[in-house]
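Breakdown of the fold
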Amino acid sequence: MSDPRLEPLVLTELERSTLQGWVKRRTTAQGLALRARIVLACAEGGSNMAVAGRLRIHRKTVARWRSRFLSARLNGLHDEPRPGVPRTITDAQVEEVVVRTLEEVPAGATHWSKRELARKVGISPTSVLRIWRAFGLQPWRTEDFKISPDPLLIDKIRDVVGLYLAPPAGAVVFSMDEKPQIQALERTAPVLPMLPGTPERRSFDYIRHGTVDLFAALNTATGQVISKLSARHRAIDFRDFLAEMDLQVEPDLQVHVICDNLAAHKAPLVHRWLLAHPRFTLHFTPTYASWINQVERWFAELQRRCLERGVFCSLGALTTALEEWIAFWNDNAKPFRWTKTADQIIDRICRYCDRISRPAH
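What comes next concerns the included structure. (Residues numbered from 1 in each chain as written. Predicted model: local features only at pLDDT ≥ 70, side-chain atom pairs only at ≥ 80, totals over all residues. Heavy atoms only, no water.)

For the rest of this paragraph, the subject is the overall build of the chain. A count of helices and strands for the chain gives 13 helices and 5 strands. Compactness check: the chain gives a C-alpha radius of gyration of 30 Å against a globular reference of 21 Å for 361 residues, more than 25% above the reference. Considered along the principal axes of its C-alpha atoms, the chain spans approximately 80 × 55 × 40 Å. Out of the 361 residues belonging to the chain, those deemed buried represent 37%. Residue pairs at least 24 apart in sequence account for 67% of intrachain contacts in the chain once pairs closer than 6 positions are excluded. Of the roughly 22,300 Å² that the chain leaves accessible, carbon and sulfur atoms contribute 54%. Separation between the mean location of the 51 positive side-chain charges and that of the 40 negative ones in the chain comes to 8 Å. (Helix = DSSP H or I, 4+ residues; strand = E, 2+ residues; numbered from the N terminus. Rg over C-alpha atoms; globule rule 2.2 N^0.38 Å. Buried < 20%, exposed > 50% of the residue type's maximum accessible area, 1.4 Å probe, protein only. Contact = heavy atoms within 4.5 Å. Areas by Shrake-Rupley, 256 points an atom, 1.4 Å probe, with all protein chains shown as cover. Lys, Arg positive; Asp, Glu negative; His and termini not counted. Charge placed at Lys NZ, Arg CZ, Asp CG, Glu CD.)

Written as structure tokens, this is what we have:
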């Protein structure tokens, strides 16, 4: 409901079109986009309090920009000149840097460097870098992504996340996977220890002494791990690992095992073993979705704390180091905490797919 004490805010078609353009365009500064939203919301009617509640901002912010627009129209939404040395870079140059970064690439390259773009726009490389930082642009960085094509993606996400957040009564849930081809690497020169002002130094090259595969099943409730080292990770090795789990888990508990879609996990040999041990149930993660398997987080800890800087002069030394580290982990085990619900994950995937499917403007 409009406040009769407020001066009506009426937009011309040109003003409305300009404001909507500022809101929709990706290169618009966030502050200017917010001011445009405030004015558009005020033009629809309602008190400052109502508009503030709709946009989730303070009432005084709405009052300030309503007043500024009524007194100076569109020009009133821009930042006022600040005291100090006058700016040497115009708004048009800032916009050109942002637009070229987002919508163009230089000839003979895949992305802009600060020096190339500075020459193109006519400003200093430092100014280009400052503009990039202000708008959160990093053209030298890339990230990889893979959308799972699994037709049962949603069902599998609900199944796995449901086991994390609400495990069945009278059951234990394991997140299981293999870490194959762990290499026993020996540096060609002794490692030089860390000194004040100098990090630990290792030779760049190394000698390989063989590999070993690790089967690991993380108890999602306790954080403890059942493990088995093997020369290979075939179906028969996976079956033997399930048998090892069967021996270590209390016989009165149902066992739910979350694993990926490796062919060895679905082999007839494994299927026959599962029929003979009905308390075991396998739950498969979606294709290309290892991020949903909690044991991958444990593998990251193993890599960081045991393998990444380890020096192993033989396969036996690697095996001993792995067994000792896993025993240490189990003595101090803590579970990883899963926080996202299935609906939150699915909603985020949908929003991401919608964003990458839209054509660039």
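It is at 9 Å that the axes of helix H2 (residues 30-43) and helix H4 (residues 59-72) come closest, and there the two elements cross at 80°. Compared by their axis directions, H2 and H4 come out roughly perpendicular. The residues of H4 that touch H2, namely those facing Arg35, Ile38, Val39 and Cys42, are Thr61, Val62, Trp65, Arg66 and Phe69. Of the residues that constitute the contact of H2 with H4, the class distribution is 6 nonpolar, 1 polar and 2 charged. (Axes fitted to C-alpha atoms, helices over the stretch in contact; angles between N-to-C directions. Parallel < 35°, antiparallel > 145°, perpendicular 65-115°, else oblique. Nonpolar A, V, L, I, M, F, W, Y, C, P; charged D, E, K, R; others polar.)

Attention now moves to the side chain of Ser148. With respect to the secondary-structure elements, Ser148 resides in the loop between helix H7 (125-135) and helix H8 (153-165). Of the polar contacts made by the side chain of Ser148, one reaches the backbone nitrogen of Asp150; its length is 3.2 Å. Polar side-chain contacts of Ser148 include one of 2.6 Å to the backbone oxygen of Thr287. Once residues within four sequence positions are removed from consideration, Ser148 is found in contact with Leu153, Pro286 and Thr287. (Polar contact = N/O pair within 3.5 Å; in protein donor to acceptor, adjacent residues only side chain to side chain.)

This part takes up the sheet that holds strand E4 (residues 254-259). Spatially, E3-E2-E1-E4-E5 is the arrangement adopted by the 5 strands of the open sheet, whose pairing is mixed. Sheet topology places strand E3 (225-230) and strand E5 (280-284) at the edges, where each strand pairs with a single neighbour. Neighbour-to-neighbour, the strand axes of this sheet turn through a mean angle of 30°, independent of strand direction. The pairing of E4 with E5 spans 5 bridges and is parallel. Note on E5: the bridge partner recorded for Ile258 is His283. Along the sheet, helix H11 (residues 295-307) makes contact with strand E1 (171-187), strand E2 (206-219) and E3, crossing E1 at roughly 30°. (Pairing = 2+ DSSP bridges.)

With that settled, the discussion passes to the pairing of E3. Pairing of E2 with E3 involves 6 bridges; the strand directions are antiparallel. The partner of Asp213 across the bridge, within E3, is Ser230. Between the antiparallel neighbours E2 and E3 lie 5 residues, among them Gly223 with a positive phi of about 85°.

The next point concerns the packing of helix H1 (residues 13-24) against H2. As a packed pair, H1 and H2 sit with axes 8 Å apart at the nearest point and diverge in direction by 135°. Relative to H2, H1 is oriented oblique. Along this stretch, H1 crosses H2, giving a crossing that reads as left-handed. Note on element contacts: H2 touches H1 through Leu32, Ala33, Ala36, Arg37, Val39, Leu40 and Ala43, opposite Arg16, Leu19, Gln20, Trp22 and Val23. (Left-handed = near helix turned anticlockwise from the far one by under 90°.)

The next point concerns unusual backbone geometry. Its identity is not glycine, yet Gln181 carries a phi of approximately 55°, on the positive side. Topologically, Gln181 is positioned in strand E1.

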